[in-house]
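# Examination of the molecular architecture
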Amino acid sequence: MEALPRRRARAVALNGAVAAEGVPADGVPPDVRDGLASLHGGHGGRLFFAPVRHHSPACALAVRELIREVRPAAVLVEGPDDFDALLPALLDGATRPPVAVLSLAPRPGGGSRAAFFPFCDYSPEWVALRARSDAGARLAFIDQPWTARAADDTDTAAHTLMAERHLAHSAYLKALAARSGCRDQDDLWDHLFELRGPAALRDWRTLLADVHAYCAMARHDYEPQVLEAEGSLPRERHMAAHIRRHMQETNGAIVVVTGGFHTPGLQAMLADPVAAPKAAPTASPPRSRGAAGSGNWLIRYSFDHLDALNGYAAGMPAPGWYQRVWNSAVDDPAGPALHEVAAACLAELARETRTLGLAEQVSTADVRAAVLQAGRLAALRGHAGPGREDVLDAIRSCFVKGALGDGMAGFDADVRRLLCGHALGDIPATAAVPPLVDDARRLAARLGVRVDDSAPRTARLDIYRDEGHRERSRFLHLADWLGLELAQWRGGPDFLAGTRLELLIEEWQVAWTPLVEARLVALSAEGATLQDVALARLRRDEAALAERGLARSAGAAAGLLTRGCLVGLHERLPDLLAMVAARLDEDGDPASVIAGCHQLLALWRAREPLGVKDDPALHALLLRAWDAALYLLPQLADTAPEGEEAAIGSLQSLRAFRHALAHAAAGDDANDGDSKDDDSNDDDNNDNDGAGRWARVLEALVTAPRAAPGIASAAAVLLFLDGAWSEERLCAVLAASLGPGAERDDAARALQGLLAAGPELLLTQPALRQAVDAVLASWDERTFLRHLPDLRHAFTRLKPAETAQLAAALAVADDAGLGWQGELEASEADMLAGAALHADLLAVLARDGLQSWTRTSASTTPGMEKLRTGEAVTGGEP
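Owing to the predicted nature of the structure, the values given are computational and were not obtained by experimental measurement. (Residues numbered from 1 in each chain as written. Predicted model: local features only at pLDDT ≥ 70, side-chain atom pairs only at ≥ 80, totals over all residues. Heavy atoms only, no water.)

### Digging into unusual backbone geometry
- In this structure, proline 98 follows proline 97 across a cis peptide bond, with omega equal to 5°.
- Mapped onto the secondary structure, proline 98 falls in the loop between α5 (87-91) and β4 (99-106).
- Although it is not a glycine, arginine 500 sits at a positive phi angle of roughly 55°.
- Mapped onto the elements of the fold, arginine 500 is located in the loop between β11 (487-491) and β12 (505-510). (Helix = DSSP H or I, 4+ residues; strand = E, 2+ residues; numbered from the N terminus.)

Below, the structure is given as structure tokens:
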């Protein structure tokens, strides 16, 4: 546990913990001192700046008190000025934070760039909006619209329009945190601002002045050229122009609520007449939300996406903790009840350990000790009450009694989840949302997907036996395909890859987060329903096949067919089946057609969960694919050496497809619990005819003039494995390929084909093993070394146990005369050296007290006894 005694460091922050060039002896740069003097009541007593940190309860309280006291004529808030059209929805009584404005800007070449402007109950900007209704002030956003800032952005990820990267990267604040004994800048902020006493929190003049000094000192770490290049100065010029316009259009005080980093820049621009633009801007017109990839939308947001620890670039970590603090401050005129908040959090965490059944549960005594510990740590550190880090230290001290893995697995994640929270806001029914969002919400709610919070949940779907689960599975696959970030597939059958089809249960992790609705808004230009968007996506994927050179690919077309069934686009099934049939006729690539065969077979096996059980066209398409593959198979005879391995894989894949097709035709599919189909007899006849055609095509590959040696030997092996050839015929063909008269390069390729198609034959067929052994023995050293890498690769197809079995078979003479017939040559000097080494080993064992390991057993030979005793062995028994 880290618990450093610390003094209050506010004076350090304001007087300059880090000396900078040109800073006076009191540590306050002149521009910071001037900014503090004009912060409140500048420009003839009209302008009141409220420098804030986004999502800070302390700043929110100060802004509320400022507006209540000053009762301004206008409240101007940092935020894109085209958000003004959303003010009625933001101020609607049914709007419940956390919410966010989603801003979409068109991306060149299609698509959109997304950015979020979130609000929670304790966001200073949100408090300023709500306080406006009490003060009767004009309200406006004054920052550049996202479209102006997105033009130069190349990042594809969603942004936050409240980024505080300047504070996070400030060398001054890092040094101040280290000097104040704080873990990081979040801890420093709490220490200096959030953990003040109730009276100090309501002293808005002092608190906002301190925030100004804090941010102004951080701004000294950045040169003007840097701020110009990364966009801060252009934004500040835009905001300053808006402030001037509102000063001209209104009488009375104006409150300006912006991130504290921008306040010094705004003050400098407003004080410099030269910096004034020639024409003051008006509010940017609201953007049309009918255009593809553009517009501003009020959407629901969640705490887990607001949490700085989850990667959010603005605001505070642990929003759930600060929501509790804010609620206590709002409910109690005396200010935040930090001790009560800490006690409630610790008690709730203890209840969770009991609910989850952790081996190391937290008792009531542990909770009492942790509450006491948090309070004492807060007093030691000069806090008005326990803060977030005080509570975390108390948890580490009192709840964790050993390593986190000792009965406390997942405890750290439980703590983070408690402090983060998973609240999901709400927006009024009158707020405009695209029809696609409404359609997705209705469908999700009907299928049992929670849309009222963002907590992740595990869904286990019995897709073979439960129709409702099958429907939910299609919805989740559709969401995954459209990139909604609603669900992550965790396990179960993979229908697209055709693997694990024997599994009955699909497992997903599902969470309805703000990113889901943001993605739906971005997709809303493509259709009013998920079905419309999915159909549009499927058509694009079909068109994209031509761009990827796959316009005639049967494999790619079969993949689209499976995808359509997987996501529930069964209305397109006839068109997709017709497309696959056409590709089977057009595709001239055997590998692509064979891949399509397997894709169709996987679809046939999973026809019940994928909703094509009663479609006779699918089985007809399977037989058509088999015919197309057999027709193209003779092309493999012309395979180049570098393509032989892939071609042999296609041969084996088609053989597997033939066997599976036979089972499917007979109704014996292991994944199908139905009885045999009525047309099973016809299918059996087709399979028998197919077996004959299969054997004839393989024989043609073996006997084709100039056939690729690896393909020919692999085809011969498959004929033997299928029972079409005898061992004698196989050995005769392979002897011609491997034996005398064969080109050595061709022999190596033929051997690789043999091992690729049937490596187990070297174990089960002695005559074949003898033939291969004879071929390798006939090679000279140069030939052997040249082919050694290929041989090593070929023999890797044997499992380790099979390799050992083959080595044993070669090392021991059998009835066929195989085995190693060499003799071991050892000189007298070799024997003496071995005896000396053995004696040294015995001495080491004796030194380590392991003499019992060397006792002579009843089976020890006289020669071994001499070696054990260290005597020289010059003859006799080996």
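### Structural notes on the side chain of arginine 300
- Here arginine 300 lies in strand β9 (residues 295-300).
- Looking at arginine 300, its side chain comes within polar contact range of the main-chain oxygen of valine 451, at 2.8 Å.
- A polar contact of 2.8 Å, which involves the side chain of arginine 300, links it to the side chain of glutamate 517.
- Residues within four places of arginine 300 in sequence aside, it is in contact with Pro98, Val99, Leu424, Gly425, Asp426, Ile427, Arg441, Val451, Asp452, Trp512, Pro514 and Glu517. (Polar contact = N/O pair within 3.5 Å; in protein donor to acceptor, adjacent residues only side chain to side chain. Contact = heavy atoms within 4.5 Å.)

### Focus: the sheet that holds β12
- The sheet built from 3 strands is open, its strands ordered β10-β12-β11 with antiparallel pairing. The two strands at the open ends of the sheet, each matched to only one other strand, are β10 (457-462) and β11. Across the sheet, the mean angle separating the axes of adjacent strands is 30° when strand polarity is ignored.
- Where β11 lies against β12, 4 bridges are found, and the strand directions are antiparallel. Paired with tryptophan 489 across the strands is tryptophan 508, a residue of β12. (Pairing = 2+ DSSP bridges. Axes fitted to C-alpha atoms, helices over the stretch in contact; angles between N-to-C directions.)

### Digging into the nonpolar core
- Trp321, Phe399, Leu486, Leu561 and Leu651 are the most contacted members of the largest nonpolar core, which totals 254 residues.
- When residues in this core are grouped by element, the largest group, 11 residues, is from helix α12 (residues 204-219).
- Those residues within four positions of tryptophan 321 in sequence are excluded, and the remaining contacts are Val341, Ala342, Cys345, Pro386, Gly387, Arg388, Val391 and Leu419. (Core = buried A, V, L, I, M, F, W, Y, C linked by side-chain atoms within 4.5 Å. Buried < 20%, exposed > 50% of the residue type's maximum accessible area, 1.4 Å probe, protein only.)

### A short note on the confidence of the model for the chain
- Within the chain, residue pLDDT values average 81, and 82% of them lie at 70 or more.
- Note that residues 668-689 has pLDDT below 50 and, in this model, 24 contacts with residues that lie over four places away or in other chains.
- Below a pLDDT of 50 lies the segment residues 857-878, which in the model reaches 21 contacts outside its immediate sequence neighbourhood of four places, other chains included. (pLDDT = per-residue confidence, 0-100.)

### Digging into the packing of aromatic side chains
- Overall, the coordinates contain 13 aromatic pairs when judged by the stated rule.
- For the pair tyrosine 222 and phenylalanine 261, a centre-to-centre distance of 5.7 Å together with 85° between the ring planes defines the contact as edge-to-face. Within this pair, whereas tyrosine 222 is found in the loop between α12 and α13 (224-229), its partner phenylalanine 261 is found in the loop between β8 (254-259) and α15 (263-271), the two being separated by 39 residues in sequence.
- Note on tryptophan 626 and tryptophan 694: the rings are 6.2 Å apart at their centroids and 40° apart in plane angle, and the pair reads as tilted. On the criterion of sequence distance, the pair formed by tryptophan 626 in helix α29 (residues 616-632) and tryptophan 694 in helix α31 (residues 680-703) is long-range, its members being 68 residues apart. Across the pair, exposure class does not vary: tryptophan 626 and tryptophan 694 are buried alike.
- Of the aromatic side chains, those joined through ring pairs into one cluster are Phe83, Phe117, Phe119, Trp126 and Phe141. (Phe/Tyr/Trp six-rings, centres within 6.5 Å; stacked < 30°, edge-to-face > 60°.)

### Regarding the environment of leucine 622
- For leucine 622, the location among the structural elements is in helix α29.
- Take leucine 622: its relative accessible area is 0%, and that puts it in the buried class.
- Taking C-alpha positions, leucine 622 is 6.8 Å from cysteine 597, a pair spaced 25 residues apart along the chain.
- Not counting chain neighbours up to four residues away, the residues in contact with leucine 622 comprise Cys597, Leu600, Leu601, Trp604, Phe657 and Leu661.

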